[in-house]
Amino acid sequence: MSEAEWIKVDGLALNTPREASIGGEHVMLRLSPHDVPCGVRGSLIASGGVEKFLVEFRYIDEEDWRIEPHSEGVAVRTGKHSGRLFGIEVESRMLKKVGDSVRIEVFTAIDGAVQSKRGSNSARSMLENFMVAKKAVESVANRLFPSPSTA
Amino acid sequence: VIQDGAAWAARRIAAVSFSAYPASSFLGSGMRRHGLRAKIYPTLHVMALTMNAAAVLVAGASRVDASGLSAVPILRPTFAAIHTHVWWIVPLFICLAALFSTIRKHVGEPWVWDTIHHLMNTYRDFVFSDERNENRHHHRVTLFRFHRVFHYPCFLVWPWESRLIPVARSGHATQNTDTTFVAPDDADRAEGFAGKTWATFSTMIVNDLPDLDTDSSDEAVQFYAKQAFFSEDWLRRRIKAKRINGRSFCGIPIRVKGREWGVIVIDSRSPKSIKKEAEAHYDVMGKVLSKLLERV
């Protein structure tokens, strides 16, 4: 299976500032460019005899990742040191049909991962990383997912 | 030589009074050691190889039967001595080889640091493309590396704190900085713009800081200190020493292989020089920089 090409995303547009207070001073903070995906790609993979749809994220620096099961048929790849979102694997059996269903399942999986980060004690920047990764997928969704008509 | 030494000592003493932490006066001197690094690095390599070769030779010589060397009587006491002391000479040579290799790794490959310096210059040219005709040292890019308290050289100075230490800066001037910033585990105590960038691990930009001089009002100094997260005392010492302070800053946290490595601080003497597009330029440079920093 040939690897899909990376789709470049506009990290600067995705990285919206947030207001914070440091020592009583209000400042505008943005995620480090290292925590904003600079590329996204989607592909079908076969892992352990199971077919999956994989969405991967690329960052400025490289890092090893680990797989964490998230929900039934869904697993997330997170950076070993940073905890950044490196990928989402959705088993094909979870996808009723191609096209919008893939898109919905992936968005649901990312939403779930964001919610799980929100509920845990993860660093705020990692929660924001997951949210910006979702925005990255949304920004290139038309190129990332196969449309039902062409499938 | 004595005059040079006295001049150097005078510069050090003067620099100490400007430092955020006087005891750290030598910590920031790594930036100006490129020439020294180019000499030390290959020397350490040769010394490590020599120690390894010596360990192999001594270990081999200890297996030679000295009684068979009757034709060369002068060698007999030498081999006898090797037989007696081989148990500590070989481990010593191996330890020295390891020590030299460790120091060599800490010094870093000269070409890597040269390339990082070149990247700082290129990044500065992109960020300050509108100010190309101005003095280069008025618009700078500085790379700070995070050192934990028990890492060299932090444990050598008091107060013992983890610090951000400048390791590369664009241009050829103002390389002689001694300013380091405390970046402790208790992030609320992080100091300076670099320290706060590290503590929040977020990109920060501050523009429109006042132009401070000895006639500046207390309010202006306090406003600057709060906006840029410097201590007022430190700022007043700089003003008294007639040092020029930047009027806009941008801090970008850096990861290397997913780990927090340090920060880049962009500073300018112009009040509105730094725009958020500085990050866009970093996207291009950051990939190369991260790969290079994996080697140091």
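Residues numbered from 1 in each chain as written. Chains lettered and ligands numbered in written order. Predicted model: local features only at pLDDT ≥ 70, side-chain atom pairs only at ≥ 80, totals over all residues. Heavy atoms only, no water.

S.K.: Got a minute to help me understand helix α8 (residues 277-293) of chain B in this structure?
M.R.: For the α-helix, the turn length of 3.6 residues means that residues three or four positions removed from each other point alike. Residue and element names in this part refer to chain B. In this model α8 runs 23 Å from its N-terminal to its C-terminal C-alpha over 17 residues, within 8% of the 24 Å that 1.5 Å per residue would give. Residue Met-285 marks the point of greatest curvature in α8, where the axis turns by about 45°. Turning to α8, its buried residues number three or more, namely Ala-278, Glu-279, Tyr-282, Met-285, Gly-286, Leu-289, Ser-290, Leu-292 and Leu-293. (Helix = DSSP H or I, 4+ residues; strand = E, 2+ residues; numbered from the N terminus. Expected span 1.5 Å × (residues − 1). Bend = angle between axes of the 7 residues up to and from the residue. Buried < 20%, exposed > 50% of the residue type's maximum accessible area, 1.4 Å probe, protein only.)

S.K.: Got a minute to help me understand the side chain of Glu89(A) in this structure?
M.R.: Residue and element names in this part refer to chain A. Turning to its location among the elements, Glu-89 is positioned in strand β8 (residues 85-91). Judged by its relative accessible area of 3%, Glu-89 is buried. Within the structure, Glu-89 has its side chain in polar contact with the side chain of Lys-52 (distance 3.1 Å). Side-chain polar atoms of Glu-89 contact the side chain of Arg-77, separated by 2.9 Å. Once residues lying within four places of it in the same chain are set aside, the contact partners of Glu-89 are Lys-52, Phe-53, Leu-54, Ile-67, Gly-73, Val-74, Ala-75 and Arg-77. (Polar contact = N/O pair within 3.5 Å; in protein donor to acceptor, adjacent residues only side chain to side chain. Contact = heavy atoms within 4.5 Å.)

S.K.: I would appreciate a short explanation of the nonpolar core in the present structure.
M.R.: Nonpolar side chains in soluble globular proteins tend to end up buried together. Val40(A), Val55(A), Phe57(A), Val137(A) and Phe145(A) are the most contacted members of the largest nonpolar core, which totals 35 residues. If you list the elements that add at least two residues to this core, you get β5 (50-58), β7 (74-79), β8, α2 (100-119), α3 (124-139) and α4 (141-144) of chain A. Filtering out sequence-adjacent residues up to four positions away, Phe145(A) remains in contact with Phe53(A), Val55(A), Val102(A), Arg103(A), Val106(A) and Val137(A). Counting residues in hydrophobic clusters, the runner-up holds 30 residues, among them Val27(A), Phe144(B), Trp198(B) and Val263(B). (Core = buried A, V, L, I, M, F, W, Y, C linked by side-chain atoms within 4.5 Å.)

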